[in-house]
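Working through the structure, step by step
Listed below, chain by chain, are the residues.
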Amino acid sequence: MVAPLTSHEPATGALLWQGDPGDVDAEVARARAAWPKWAAQPIANRIETLRRFVNVVRKYEDALTDLIARETGKPLWDARNEVAAVIGKVDISVAAYSERTGQRRLEAALGARQSVRHKPHGVMAVIGPYNFPAHLPNGHIIPALLAGNAVVFKPSEKTPAVGEFLVKLYHEAGVPADAVRLLTGGPDVGKALTAHPDIGGILFTGSAQTGIAINRQFAAQPSKILALEMGGNNPLIVWDTPEINAAATIVVQSAFMTSGQRCTAASRLIVRDSITDKLVAEVKKLADRLIVDHPHADPAPYMGPVIDNQTADGLTESFLYLMSNGGKPIKHMVRPKKGLPFLTPAIIDVTGMTERPDVELFGPLLQVIRVPDFGAAIAEANNSRYGLSASLIGGSPEQYNQFWSNIRAGLINWNRPTNGASSSAPFGGTGLSGNHRPSAYYAADYCAYPVVSAEIETPRASIGVGLKDIDVSAMGD
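Computed from a prediction, not measured in an experiment: that's the story for all the values here. (Residues numbered from 1 in each chain as written. Predicted model: local features only at pLDDT ≥ 70, side-chain atom pairs only at ≥ 80, totals over all residues. Heavy atoms only, no water.)

By the definition in use, this model includes four cavities of 30 Å³ or more. Counted as a void, the largest cavity has a volume near 80 Å³. P235, A381, Y386, G387 and R408 are the residues nearest the centre of the largest cavity, which is lined by 13 residues in total. Contributions of two or more residues to the lining of the largest cavity are made by β10 (234-238) and β15 (386-387). A class-by-class count of the residues in the lining of the largest cavity yields five nonpolar, six polar and two charged. The computed volume of the second largest cavity comes to approximately 60 Å³. (1 Å grid on protein atoms, 1.4 Å probe; cavity = no way out; pocket = protein on both sides within 12 Å on 5 of 7 lines; lining within 4 Å. Points joined across faces, edges and corners; volume = space filled by probe spheres on them. Helix = DSSP H or I, 4+ residues; strand = E, 2+ residues; numbered from the N terminus. Nonpolar A, V, L, I, M, F, W, Y, C, P; charged D, E, K, R; others polar.)

Below, the discussion takes up the environment of A390. With respect to the helices, strands and loops of the structure, A390 is situated in strand β16 (residues 389-393). With relative accessibility at 1%, the residue A390 sits in the buried group. The spacing of A390 and T264 is 126 residues in sequence and 8.3 Å in space, taken between C-alpha atoms. In this structure A390 touches P235, F403, I407, A409, L411, I412, N413 and T418, once residues within four positions along its chain are discounted. (Buried < 20%, exposed > 50% of the residue type's maximum accessible area, 1.4 Å probe, protein only. Contact = heavy atoms within 4.5 Å.)

Another aspect to go through is the pattern of salt bridges. Enumeration over the complete set of coordinates arrives at 26 salt bridges. The partner of E9 in a salt bridge is R70, with the nearest N and O atoms 3.6 Å apart. With E9 in the loop between β1 (5-8) and β2 (15-19) and R70 in helix α3 (residues 61-72), this pair connects stretches of sequence that are 61 residues apart. By relative accessible area, which is 11% here, E9 ends up buried. R70 gets classed as partly exposed once you look at its relative accessible area, which sits at 31%. Residue R272 pairs with D240 through a salt bridge whose shortest N-O separation is 2.8 Å. Residue R272 is found in strand β11 (residues 266-272), and its partner D240 is found in the loop between β10 and α9 (244-256); the two are separated by 32 residues along the sequence. We classify D240 as partly exposed; its relative accessible area is 39%. One continuous salt-bridge network, built from bridges that share partners, spans E27, R30, D178 and R181. (Salt bridge = Lys/Arg side-chain N within 4 Å of Asp/Glu carboxyl O.)

Moving on, we get to the packing of aromatic side chains. Considering all chains together, one arrives at seven aromatic pairs under this definition. Seen from their ring centres, Y130 and F362 are 6.1 Å apart, and the 80° between their planes marks the pair as edge-to-face. Pair noted here: Y130 is in the loop between β5 (123-127) and α5 (135-146) and F362 is in the loop between β13 (346-349) and β14 (365-371), with a separation of 232 residues, a long-range link. Overall, the relative accessible area of 15% leaves Y130 in the buried class. Aromatic side chains Y400 and F403 sit 6.3 Å apart centroid to centroid with 40° between the ring planes, which places their arrangement in the tilted category. Of this pair, Y400 and F403 both sit in helix α13 (residues 397-406), separated by three residues, roughly a single helical turn. Judged by relative accessible area, which is 16%, Y400 ranks as buried. Three or more aromatic residues joined by ring pairs form one cluster here, namely Y400, F403 and W414. For K74, the ring lying beneath its charged end belongs to F132, and the centroid distance is 3.8 Å. Residue placement shows K337 over the ring face of F342; its charged tip is 4.5 Å from the ring centre. (Phe/Tyr/Trp six-rings, centres within 6.5 Å; stacked < 30°, edge-to-face > 60°. Lys NZ or Arg CZ within 6 Å of the ring centre and 35° of its normal.)

With that settled, the discussion passes to the environment of V57. Locating V57 in the fold gives a position in helix α2 (residues 43-59). Taking C-alpha positions, V57 is 34 Å from L432, a pair spaced 375 residues apart along the chain.

Let's shift gears to the sheet that holds strand β21 (residues 448-455). Reading across from one edge, β3-β4-β21 is the order of the three strands in this open sheet, with antiparallel pairing throughout. Among the strands making up the open sheet, the edge pair consists of β3 (104-107) and β21. Within this sheet the neighbouring strands show an average axis-to-axis angle of 25°, counted without direction. Pairing analysis gives eight bridges linking strand β4 (residues 113-120) to β21, with the strands arranged antiparallel. The partner of R113 across the bridge, within β21, is E455. (Pairing = 2+ DSSP bridges. Axes fitted to C-alpha atoms, helices over the stretch in contact; angles between N-to-C directions.)

Attention now moves to the side chain of H196. Looking at the element boundaries, H196 is found in the loop between α7 (187-194) and β8 (201-205). Looking at H196, its side chain comes within polar contact range of the side chain of D25, at 3.1 Å. (Polar contact = N/O pair within 3.5 Å; in protein donor to acceptor, adjacent residues only side chain to side chain.)

A separate point is the sheet that holds strand β17 (residues 411-414). Overall, mixed pairing links the seven strands, which are arranged β12-β13-β14-β11-β10-β16-β17 in an open sheet. Strand pairing shows two members of the sheet lacking a second neighbour, β12 (328-331) and β17, which therefore form its edges. Each strand axis lies, on average, 20° off the axis of its neighbour in the sheet, ignoring direction. The sheet contact formed by β11 and β14 spans five bridges and is parallel. Considered in β14, the bridge of L269 is made with V368. Sheet strands touched by helix α10 (residues 273-289): β10, β11, β12, β13 and β14. Its angle to β11, the strand with the most contacts, is close to 140°. Seen against the sheet, α13 touches β10, β16 and β17 and runs at an angle of roughly 170° to β17.

Moving on, we get to the layout of surface pockets. Roughly 1100 Å³ of internal volume is contained in the largest pocket. Taken together, 35 residues form the lining of the largest pocket, with Y130, F204, G206, S207 and T210 sitting closest to its centre. Every element with two or more residues in the lining of the largest pocket is listed here: α7, β8, α8 (208-217) and α11 (309-324). Its residues assigned to classes, the lining of the largest pocket shows 14 nonpolar, 15 polar and six charged. In this structure, the second largest pocket encloses a volume near 500 Å³. Every residue lining the second largest pocket is counted, 25 residues in all, and those nearest its centre are F132, H135, L136, R262 and A421. Breaking the lining of the second largest pocket down by element, the ones donating at least two residues are α4 (76-100), α5 and β20 (439-440). Sort the elements by how many residues they give to the lining of the second largest pocket and α4 lands first, with six residues. For the lining of the second largest pocket, the residue count by class is nine nonpolar, 11 polar and five charged.

What follows is the structure in structure tokens.
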């Protein structure tokens, strides 16, 4: 007998959702059967359906906001911003589809025309994360449906309730029930889904370890599209700036928003040694003021808990590892509520460590690294296998140009946080952060493939060279 799945509110420990793992073969088969009819619809019909989805989300905006807050632990204001991103995705995707996969017609020889159009891949498997359980999978699902694909969506096993609610909203808007299927389950269900022969591609957001495993699995299947977004170990450089208070605020926003559970969160604060003490003092002062509480608390918290106790335990152990291997704690990581995964923001100076672990610490843990010059700052920023997001605070325009030219990342900012990327721009990274298939505005690129056609209404053809002369005498009278 298969054990049921459960989801608990991280802020309270209360049971929120319970259900059974889904049937991979059955869900893929239903999506496969529904795909041709959905793909054959005019694009205008699919656009109209997805715009109805916007109205449905608005209808349930408060309920979806509350559910996200309860299942992830993020503050209500953060959850409301996520729902706003879900709503905004449709218009952005329609514009992206028109711009990046629109039709083109060119004149060709003999009065023919050459057409460039795009086709959907078929059934797309969307595997979602827990930190943005509505916004991030929706960012794959909307452009996939728009292009004419069917979708099998497996939400994170840590946030199945939001995933189930999201699929119900698609169906209420008029997306055919079999064109978007919900598949709940843990890692084994995810592995079975990615291995299914009737899947046309995988759109994945999650850890580098899982993304690499999926990439290996697809090594012998070049016919299937694979888009990976796998997080980061993101650097934030602070250089010569008189605006220390503003710089400290950007550092706190980068490192601790959503309890550090953003793939673009700053993990490494790289600072010119002459200003480190002054800057870090301001960062700590501001971090000390951050309210850490349950999503519905009054006053509103800046941070909620991390997703579960296992994650909180891992982050606490990571902080202790850094401290026992040469790191100097500036602000200790504390578990303020016994038995629940609340963490206070932590800051540790790791400059003296001989080997700093190049891992994604998915939580409110910021490492400080002091450097003597700007070249050393860039070298330290690039001292990672990841390459998602990087920011420079302060510095001159010339230094920003140097930073932009030399840093390895898909999102490079100046005097802005490492997080908070716009859905109207491409979103993706290099190295262990992605496989050069950026999402957001560029999701249209991996949801359809280009088809080139040479077309003419009447057959016309001739061969002008390389033919033997006709033997007239052999033709008879």
